Structures are given as structure tokens and as C-alpha cells.
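# Architecture and fold: a report
The residues making up each chain are set out below.
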Amino acid sequence: MKKRIDKSLAFREKEFKLRPWQLKVQEIIYGTYTKAGKRFDILLLILILLSIVVVMLESVSYLNLKYRLTFIGIEWVITVLFTIEYILRIISLRKPLSYVFSFMGIVDLLSILPSYLSLLVDGTESLMLLRSIRFLRIFRILRLSRYMLGADILGDALKNSRHKIIVFLISMLTIVIILGGMMYVIEPAEAGFTSIPRSVYWAIITITTVGYGDITPVTPLGQALASFIMLFGYAIIAVPTGIVSSEFTALRYEGIKSFECDNCGATDHEKSSNFCKNCGYEFKD
């Protein structure tokens, strides 16, 4: 019995005249829907997660002192494996530059460069966290691309409301500059309001209800103004949420017919629907 060959791989063999070992490498590395490809991608994600955990643990001083050699060993093993994977991805393609200059190709390269740069430059270890971007592959493994529709709707809502959001941000910037200037005039320098930029900084963290407490008003008038700013901050929190939510609602009803079914009276049908969702009555154009 002949071995069953994936149609996409057969196309590559015919079109690009790849060698058998290149097809096998592609089946493992790029074949997300094959058993070998799934196992490879899951192993890859485990290595990425392990690498990120090691980098994070290295930043803890007492752990770094105690397990430094272990961390270095694990990191270099992972780096070598990622390097081999990167090379295999390139040499298994008929047109390797299409991968090299792709988004994931650049990310894969950036994920291994910090380890080699650390041999020449100190302080590049933290850049290894770039490997977390490679978790984007999980969308292919778990076949979550269908959920990207929600991301498209969110993007459309933000895009449609961008003008309102810009106006809102400009208004808020104007308000915090005015309030910061008022606090600079009202409060003494000893309270921390040494300049208008620093006073604007205080107004921003106050109106956003963050309130670090590093600068506090001491005069009654300043405290009264600060109280107003705090209450005002709570009031404006809902503004950007309302803007985006209204766009969500508009997008939801954009593709819905508002007419009633002549047979049963049901409403809210999709624009592309030819039959009633309730009784199955055929709509007439």
C-alpha cells in the first residue's frame, strides 16, 4: 500500500522540486495539522516557556547566585535547539527568503540573537523574553484562527471610534494641564509642586485614580481642588468605554435586517439570510 501524501506537500514537490528530506522536514516543522507537526510545535512551545521562566528566574538575585550555572546550561541548550530549528526552516524551503523576512522569521531570529550577543555585550539576557512572541504559533496548533473574528470586530470598533477617542484624549490633556497649572499656583513648592510639568504629572495620576501619594496638596484650597479632581476622575472612566461599546453595538446591528417576517413576525435577521430564522419562511426580494 502506498503511503498517503499530504496534498500540500505533493504540490510543493511538484512546483518547487524539493528533495525528499526537505519534504520530511517541512512535514514536521510546518505541518501543523500532521501528528509529527503537532508534536514538534507543542515541544517548541514548551521550550519557549521554559526559556522565558529561566530568564525570569535569573533576574532573582539569590536564585541566580545559587543556580547560575544551571540557568546558563539550560539557556544554551535551548538556544542551540532554536538555532537548529531556524536553520532547518530556511534550508527546507525553495524560497527561504520568504520565511527569513516574514514576521515569524524575524521573531525567530531575534529569539536566538540575544544569547549570542551576550557573549560580546553584557545585559542582553533580558532580551530573550522576545521569545514570548513565538507563542503566536499556538493559534495554528490549537486551530484558534476562527476566534480571530472577535479580534477583527474589536479592531473595527476601535478604528470607527478613533476620532472620538482622539478628541477625548486631547480634552483630557487640556484639562490636566489646566488643573496642574492651578495646583502649581495654589500649592507651595515644599508640598512637591515644584514646577508645572510636575504638577501636571500629579493631576494625571490623580484624575486616573492611580494616586501614588508622592505629591500631596497641603492647603485647604488645594485639597478641595484635589477632591474635585478625584471625583471627576471616576466620572470620566466610563467615557472611553462607552465610546467603544457604542461602536460594538453599531457593528452588531450593521448586518441585521430590521423588517419583520411576513409569516411569523420575527425580526433581527442577518442581511444575507433568505429564510426566516424562526419559521423558515422564504423572503421575497
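In what follows, the structure referred to is the one given above.
First, a word on scope: everything that follows refers to the structure included in this document. Here the structure is a predicted model, which is why all the values come from computation and not from measurement.

Rules used throughout
Residues numbered from 1 in each chain as written. Predicted model: local features only at pLDDT ≥ 70, side-chain atom pairs only at ≥ 80, totals over all residues. Heavy atoms only, no water. Helix = DSSP H or I, 4+ residues; strand = E, 2+ residues; numbered from the N terminus. Contact = heavy atoms within 4.5 Å. Axes fitted to C-alpha atoms, helices over the stretch in contact; angles between N-to-C directions. Parallel < 35°, antiparallel > 145°, perpendicular 65-115°, else oblique. Left-handed = near helix turned anticlockwise from the far one by under 90°. Nonpolar A, V, L, I, M, F, W, Y, C, P; charged D, E, K, R; others polar. Phe/Tyr/Trp six-rings, centres within 6.5 Å; stacked < 30°, edge-to-face > 60°. Buried < 20%, exposed > 50% of the residue type's maximum accessible area, 1.4 Å probe, protein only. Salt bridge = Lys/Arg side-chain N within 4 Å of Asp/Glu carboxyl O. Patch = residues over 30% accessible without salt bridge, like charges linked within 9 Å, V, L, I, M, F, W, Y side chains within 5 Å. Areas by Shrake-Rupley, 256 points an atom, 1.4 Å probe, with all protein chains shown as cover.

### Points about the overall build of the chain
When helices and strands are tallied, the chain shows twelve helices and two strands. Scanning the chain from its N terminus toward the C terminus, one meets helices and strands in the order α-α-α-α-α-α-α-α-α-α-α-α-β-β. Relative to all contacts within the chain whose residues are 6 or more apart in sequence, the contacts with residues 24 or more apart total 52%.

### Focus on the packing of helix α9 (residues 162-186) against helix α10 (residues 196-207)
Running from N to C, α9 and α10 cross one another at 120°; their axes reach a closest spacing of 7 Å. Classed by the angle they form, the pair α9 and α10 counts as oblique. For the crossing formed where α9 meets α10, the hand is right-handed. On the side of α9, the interface is formed by M172, I175, V176, I177, L179, G180, M183 and Y184, while α10 contributes I196, S199, V200, W202, A203, I204 and I207. Looking at the contact of α9 with α10, its residues break down into 13 nonpolar, two polar and no charged.

### Concerning the packing of aromatic side chains
Any aromatic ring pair is given by two values, namely how distant the centres are and how the planes are angled relative to each other. All told, the structure shown has four aromatic pairs when counted by the stated rule. Between F193 and W202, the ring centres sit 5.4 Å apart and the planes meet at 70°, which makes this aromatic pair edge-to-face. By relative accessible area, which is 1% here, F193 ends up buried.

### Details of the pattern of salt bridges
For side chains of opposite charge, pairing can occur when their charged atoms come near one another. Counting across every chain of the model gives one salt bridge. Close ionic contact of R89 with E85 constitutes a salt bridge, the shortest N to O distance being 2.5 Å. Residue R89 and its partner E85 are located together in helix α4 (residues 61-91), separated by four residues, close to a single helical turn. Just as R89 is buried, E85 falls in that class too.

### A few points about a nonpolar patch on the surface
A cluster of nonpolar side chains, contributed by I106, L109, L110, L113 and L117, occupies part of the molecular surface with about 360 Å² of accessible area. Its place among the elements puts L110 in helix α6 (residues 103-117).

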